[in-house]
Every structure is written in C-alpha cells, then in structure tokens.
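# Observations on the model geometry
Spelled out, the chains give:
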Amino acid sequence: MSTITWSSGTHLKKVDLVNRALLVYEFVDGELRAGNQVVRRDAEGREQLVKIFL
C-alpha cells in the first residue's frame, strides 16, 4: 500500500492544497455514490482497486 505525502516541492500554499483535497474528495464521493469504482493504473497498465472509506 502506498501513501501520499505533501512536501514543500509542490510550491503550493496550504490553502491551495486543502482546496485541491476538497475537490478530489467531492469527485471521489460523487463517483462512489453513483456506484462507480476508483481504480489506480500503473505505468505498465496494471490496475488496482482503490478502497476509500467515506
């Protein structure tokens, strides 16, 4: 399992990171409520189901 870390390398203000996180949450929540799945695909084309507990 991988984790995401926010570093100073993003060059974004904290408020901008929070706004992006809220947009991602809203998108994922809408997709899951519509009965869709969130799938991660790596560079080789392998897919992995992303489990998100809202």
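Residues numbered from 1 in each chain as written. Predicted model: local features only at pLDDT ≥ 70, side-chain atom pairs only at ≥ 80, totals over all residues. Heavy atoms only, no water.

The subject of this paragraph is the overall build of the protein chain. Within the protein chain one finds one helix and two strands. With the model as given, the accessible surface of the protein chain reaches about 5,300 Å², and the carbon-plus-sulfur share is 55%. (Helix = DSSP H or I, 4+ residues; strand = E, 2+ residues; numbered from the N terminus. Areas by Shrake-Rupley, 256 points an atom, 1.4 Å probe, with all protein chains shown as cover.)

What follows covers the pairing of strand β1 (residues 38–41). Sheet topology places β1 next to strand β2 (residues 47–50); four bridges connect them, and they run antiparallel. Within β2, the residue paired with V38 across the bridge is V50. The loop that links β1 with its antiparallel partner β2 comprises five residues; one of these, G45, has a positive phi angle of about 90 degrees. (Pairing = 2+ DSSP bridges.)

This model, assessed by the stated rule, comprises four salt bridges. Beyond isolated ion pairs, a larger network of salt bridges with shared partners links D42, E44 and R46. (Salt bridge = Lys/Arg side-chain N within 4 Å of Asp/Glu carboxyl O.)

Before going further, it helps to examine helix α1 (residues 14–33). If you check α1, its first and last C-alpha atoms are 28 Å apart, about what 20 residues at 1.5 Å a residue would give, namely 28 Å. All of the buried residues along α1 are L17, V28 and D29. Each buried residue of α1 lies within a common arc of 100 degrees when the element is viewed along its axis, so the set occupies one face. In α1, the exposed positions angled more than 90 degrees off the buried face are occupied by L22, L23, E26, F27 and R33. Note on α1: the residue one or two positions beyond its end, G35, has a positive phi of about 90 degrees. (Expected span 1.5 Å × (residues − 1). Buried < 20%, exposed > 50% of the residue type's maximum accessible area, 1.4 Å probe, protein only. Arc of directions from axis to C-beta.)

Of all residues in the protein chain, 81% have pLDDT values of 70 or greater, and the mean over the chain is 86. At the low end of the mean pLDDT range in the protein chain sits α1, at 92; at the high end sits β1, at 95. (pLDDT = per-residue confidence, 0-100.)

Bringing the side chain of D42 into the picture now. With respect to the helices and strands, D42 occurs in the loop between β1 and β2. With relative accessibility at 17%, the residue D42 sits in the buried group. Here E44 takes part through its backbone nitrogen, which lies 3.0 Å from a polar atom of the side chain of D42. A polar contact is formed between the side chain of D42 and the side chain of R46, at a distance of 2.8 Å. (Polar contact = N/O pair within 3.5 Å; in protein donor to acceptor, adjacent residues only side chain to side chain.)

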